[in-house]
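Descriptive structure summary
For reference, the chains in residue letters:
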Amino acid sequence: TLAAAVGTSGFLSRLTIGPDGAIYAARGRDAFRVALDGTVTRVVHAAHVPSPLRADNTYRWDLSTGIDQYSVLTGVTFDRTGALLVTEPWPWVYRAAGGVTEAMPYLDGTPLNLPATLYNPWTEDIEFGPDGALYAAFFPGDEGAGFLYRYPAPIGPTSRPERLFGLTELRAAVPSTRFAGLHGLGFGADG
């Protein structure tokens with residue numbers, strides 16, 4: 001249904017269930033709502049804004065083809081007020097509330113001070129935890145450099161992220177772990 005409504009080109013990168021029971025899907029720079037009757041509507045477009053620390057947009061999703069990583073949204077979730085949050089690979093999280101269709105950057109990830117040699121930072125997924133903080137799974141260009149970070153509650157435009165753990169901490173809990181590229185994120189019933 002989504003492919004027929006919006007075309008088959010581009011990337012369907014994330015799905016989530018909204019507070020209204022509909023499916024929300026990120027494709028390209030847009031998020032779509034798929035109603036229970038199959039009706040598809042575009043609910044938000046996230047216009048790319050260059051990072052203040054990477055204004056030249058040197059990070060690329062695919063260095064061999066030169067496809068700009070900013071052509072795709074990588075995370076979709078809802079906050080407690082029902083506002084839709086979407087994220088691009090790096091560094092912005094966008095927020096749309098109250099029928100707004102053009103989302104602008106809401107949270108900035110650049111204060112994490114990534115090494116200059118990390119060519120492909122990639123926020124894979126976002127999810128609110130039971131503590132009200134926004135968590136983000138990070139997949140790097142280097143398989144040993146992935147990590148989990150969060151924006152502590154209360155969330156707002158001046159919130160800055162903090163790194164929680166990466167490969168070293170994962171290996172302490174699961175010694176056989178060799179790969180720290182985090183793709184998905186979720187919380188159990190116990191938090």
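Model, not experiment: these values are computed from the prediction.

So, about the sheet that holds strand β9 (residues 122-128). Strand order in the open sheet made by the four strands is β9-β10-β11-β12, with antiparallel pairing throughout. Pairing within the sheet leaves two strands with one partner each, and these edge strands are β9 and β12 (162-166). This sheet shows a mean twist of 25° between the axes of neighbouring strands, independent of strand direction. With five bridges connecting them, strand β10 (residues 134-139) and strand β11 (residues 147-151) associate as antiparallel partners. Note on β11: the bridge partner recorded for Tyr 135 is Arg 150.

Looking now at the pattern of salt bridges. Per the counting criterion, the structure on display carries nine salt bridges. A salt bridge links Glu 124 to Arg 14, with the nearest nitrogen and oxygen atoms 2.4 Å apart. Of this pair, Glu 124 sits in strand β9 while Arg 14 sits in strand β1 (residues 12-17), and the two are 110 residues apart along the sequence. Among the residues examined, Glu 124 registers a relative accessible area of 10% and is labelled buried. Taking relative accessible area as the criterion, Arg 14 reaches 19% and is therefore assigned buried. We note a salt bridge from Arg 42 to Asp 30, for which the minimum N-O separation is 3.2 Å. One end of the pair, Arg 42, is in strand β4 (residues 40-46); the other, Asp 30, is in strand β3 (residues 30-34), with twelve residues separating them in the sequence. Look at the salt bridges and you will find they share partners, linking Arg 14, Glu 124 and Asp 125 into a network.

Strand order in the open sheet made by the eight strands is β1-β2-β3-β4-β8-β7-β6-β5, with mixed pairing throughout. Looking at the sheet topology across the chains shown, the edges are occupied by β1 and β5 (75-78). Between one strand and the next, the sheet's axes are offset by a mean angle of 30°, whatever the strand orientation. Across five bridges, β1 lies against strand β2 (residues 23-27) in antiparallel orientation.

The next thing to look at is a nonpolar patch on the surface. The grouping of Leu 12, Leu 15, Ile 17 and Ile 23 at the surface amounts to a nonpolar patch, some 390 Å² of accessible area in total. At three residues, β1 tops the list of elements feeding residues into the nonpolar patch. Tracing the backbone through its elements, the reader meets Ile 17 in strand β1. Relative accessible area serves as the criterion here: at 55%, Ile 17 is assigned to the exposed category.

Attention now moves to the packing of aromatic side chains. For the structure on display, the rule yields five aromatic pairs. Seen from their ring centres, Phe 138 and Phe 147 are 4.3 Å apart, and the 20° between their planes marks the pair as stacked. The class for Phe 147 is buried, based on a relative accessible area of 7%. Note on Phe 147 and Tyr 149: the rings are 6.0 Å apart at their centroids and 55° apart in plane angle, and the pair reads as tilted. Grouping aromatic residues by their ring pairs yields a cluster made of Phe 138, Phe 147, Tyr 149 and Tyr 151. Arg 95 extends its terminal NZ or CZ atom over the ring of Tyr 106, reaching a point 5.4 Å from the ring centre.

The rules behind these values
- Residues numbered from 1 in each chain as written.
- Predicted model: local features only at pLDDT ≥ 70, side-chain atom pairs only at ≥ 80, totals over all residues.
- Heavy atoms only, no water.
- Pairing = 2+ DSSP bridges.
- Helix = DSSP H or I, 4+ residues; strand = E, 2+ residues; numbered from the N terminus.
- Axes fitted to C-alpha atoms, helices over the stretch in contact; angles between N-to-C directions.
- Salt bridge = Lys/Arg side-chain N within 4 Å of Asp/Glu carboxyl O.
- Buried < 20%, exposed > 50% of the residue type's maximum accessible area, 1.4 Å probe, protein only.
- Patch = residues over 30% accessible without salt bridge, like charges linked within 9 Å, V, L, I, M, F, W, Y side chains within 5 Å.
- Areas by Shrake-Rupley, 256 points an atom, 1.4 Å probe, with all protein chains shown as cover.
- Phe/Tyr/Trp six-rings, centres within 6.5 Å; stacked < 30°, edge-to-face > 60°.
- Lys NZ or Arg CZ within 6 Å of the ring centre and 35° of its normal.

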